[in-house]
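# Structure at a glance
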Amino acid sequence: MIYDVAIIGAGASGLMCAARLERTQHVLVLEGNEKVGAKIAVSGGGKCNITNKYVDKRNYVGNLKYVHETLARFDNKALLAYLQNRGLEPVLKKGRFYFCPKSAQQLIDLLKRETKEKEFLLKTKVHAVTKDANKLFCIETSRGVFHAKKVVIASGGKSFPSLGATDVALEIAKSFQMAYSDFKPALVGLTLQREQFWFKTLTGVSLDVAISVNGKKIAGSLLFAHRGISGPVVLNTSLYWKKGEITVDFFPGGDVETLVRKGKKRHISSVIPLPKRFVKAFLEHIGLEDKACNRLQDLEFKQLKRLHAYTFAPAGNFGFSKAEVSLGGIDPEELYSTFESKTIEGLYVLGEALDVTGELGGYNFQWAFSSAVVCAEDINSKSKNK
Ligand SMILES: Cc1cc2nc3c(=O)[nH]c(=O)nc-3n(C[C@H](O)[C@H](O)[C@H](O)COP(=O)(O)OP(=O)(O)OC[C@H]3O[C@@H](n4cnc5c(N)ncnc54)[C@H](O)[C@@H]3O)c2cc1C
């Protein structure tokens, strides 16, 4: 049996690609897990943050060569319309994030309905892909070898190995001598050096902060966690952090000096409108007694201003087991804008397997779906023009 298209991975991009390939295509989807869409199921706290109201190239890092063009061809509005026309009405939260109304399973069920004509082989791990003398791809799997005229690598990144993630995309790239960069954990919490161990006494506390990292300023909620710092603002920071220092403004939009100068006899910790546990720990860390505001010396005000610019170097991150995505992947320079390899005809790469990574907020699913649609359209049109 020779398939027209073999898709490696039944995650977001693999399912969307299978859904958009025409019925005339004989498609085989190979998936290591026993169920499809494992990451969709757990994403967005079980409700899947499908996309964002504002999607732009600037929300991505990596090689952005085709990001604008791809998003323009199947943008957030097109994705929402596609879902709405099939009975899924995403709900807008906080004015910008689109989620499934009830559960991420709604999106998985929709994609399953859209791919019911396609052949799936679950619990099948792909080990390698080669191309034979007849220009056919041979896909070596845990269930034997399959043959196809085209192969779509939709196997994602290396994050969350507990959900079936592997770096088979990079193994395949290496075997075809395609350029790639190793996967690195991203959208992940950051660990601490000894000097910041005082954060650990604050486990469970969260506050809105602004973080400066590599020339970028990111605002949002920070959560003190057992292993370090987490929360949306830290996950986004991890996309841009490459060792070295970050600076946290724990009181963005406020002015601690003015506030405390007006505080008169009140204690510092009752004047600063941040969680008391945090303020007390911060004062202790900078060696300042929690005393009446009018007893502060000028030098002590200087110390207090570190609240707006607390600089430190994280030790590392929580690793692949906790990272929502992976930085790195196959270099888009290897591909045409259709996601087909420039050197290996019939080989396509999609979604997170590519060196394109989005910020938190639905950008990664949007990329997975947009790249899948562009690829499927190319395969469909090529089969018509034959
Ligand atoms: C906990 C968590 C929450 C997230 N929440 C969001 C969110 O709310 N919004 C958002 O935009 N993004 C979110 N993401 C990121 C998003 O899930 C991914 O970016 C997206 O799924 C990537 O799509 P993909 O198709 O490239 O890869 P995936 O969806 O990861 O699909 C890859 C598939 O390939 C399979 N596979 C891998 N290796 C092999 C192999 N060797 N053989 C066979 N099959 C294989 C995997 O089992 C998987 O099913 C989240 C990720 C995690 C881990």
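Going along each chain's sequence as written, the residues are numbered from 1 onward. It should be noted that, the model being predicted, local features are given only for residues of pLDDT at least 70 and side-chain atom pairs only at 80 or more, the latter also being counted only at that level, while totals for whole chains, interfaces and linings use all residues. Note that water and hydrogens are dropped before the side-chain values are worked out from all heavy atoms of the structure.

So, about the pairing of strand β8 (residues 126–131). Here, any two strands with at least 2 DSSP bridges between them count as paired. Under the scheme used here, helices are H or I runs from DSSP no shorter than 4 residues and strands are E runs no shorter than 2 residues, and both carry numbers assigned from the N terminus. Summarising the sheet, β8 and strand β9 (residues 137–141) pair through five bridges and their orientation is antiparallel. If you follow Lys131 over to β9, its bridge partner there is Phe137. Hairpin connection, β8 to β9: the antiparallel pair is bridged by five residues, and Lys135 has positive phi, about 65°.

Right, let's talk about the pattern of salt bridges for a bit. When a carboxyl oxygen of Asp or Glu is within 4 Å of a side-chain nitrogen of Lys or Arg, the pair counts as a salt bridge. One pass over the structure, following the stated rule, counts 14 salt bridges. In this structure, Asp290 and Lys280 form a salt bridge, with 3.2 Å as the shortest nitrogen-oxygen distance. A residue pair is termed long-range when its members are at least 10 positions apart, and Asp290 in the loop between α10 (276–285) and α11 (298–304) and Lys280 in helix α10 qualify at 10 residues. Given the relative accessible area of 19%, Asp290 is considered buried. In this structure, Glu300 engages Lys291 in a salt bridge whose closest nitrogen and oxygen atoms are separated by 2.9 Å. For the residue pair Glu300 and Lys291, the accessibility class agrees, reading buried in each case. The network of salt bridges with shared partners includes Glu257, Arg261, Asp298 and Lys305. To sort residues, take the accessible area from a 1.4 Å probe on protein chains only and compare it with the maximum for the residue type: under 20% means buried, over 50% means exposed, and anything in between is partly exposed.

Next up on the list: the sheet that holds strand β5 (residues 91–93). What links the strands of a sheet is backbone hydrogen bonding, and the strands pair in either a parallel or an antiparallel sense. Strands sit in the order β3-β6-β5 across an open sheet of three strands; the sheet is antiparallel. In the strand order of this sheet, the two ends are held by β3 (49–52) and β5, each with one partner. Between one strand and the next, the sheet's axes are offset by a mean angle of 35°, whatever the strand orientation. Here β5 pairs with strand β6 (residues 97–99) via three bridges, running antiparallel. Paired with Leu92 across the two strands is Tyr98, which belongs to β6. Seen against the sheet, helix α4 (residues 76–84) touches β3 and β6 and runs at an angle of roughly 140° to β3. Lines are fitted to the C-alpha atoms to define the axes, a helix being fitted only along its stretch in contact, and any angle between axes, read from their N-to-C directions, falls within 0 to 180 degrees. Any two residues whose heavy atoms approach within 4.5 Å are treated as being in contact.

A few words now on unusual backbone geometry. Negative phi values dominate among residues other than glycine, just as trans dominates among peptide bonds. With a phi angle near 50°, Lys94 is a residue other than glycine that sits in the positive phi range. Turning to its location among the elements, Lys94 is positioned in the loop between β5 and β6. Positive phi values are uncommon outside glycine, yet Gln177 reaches one of about 55°. Relative accessible area serves as the criterion here: at 73%, Gln177 is assigned to the exposed category.

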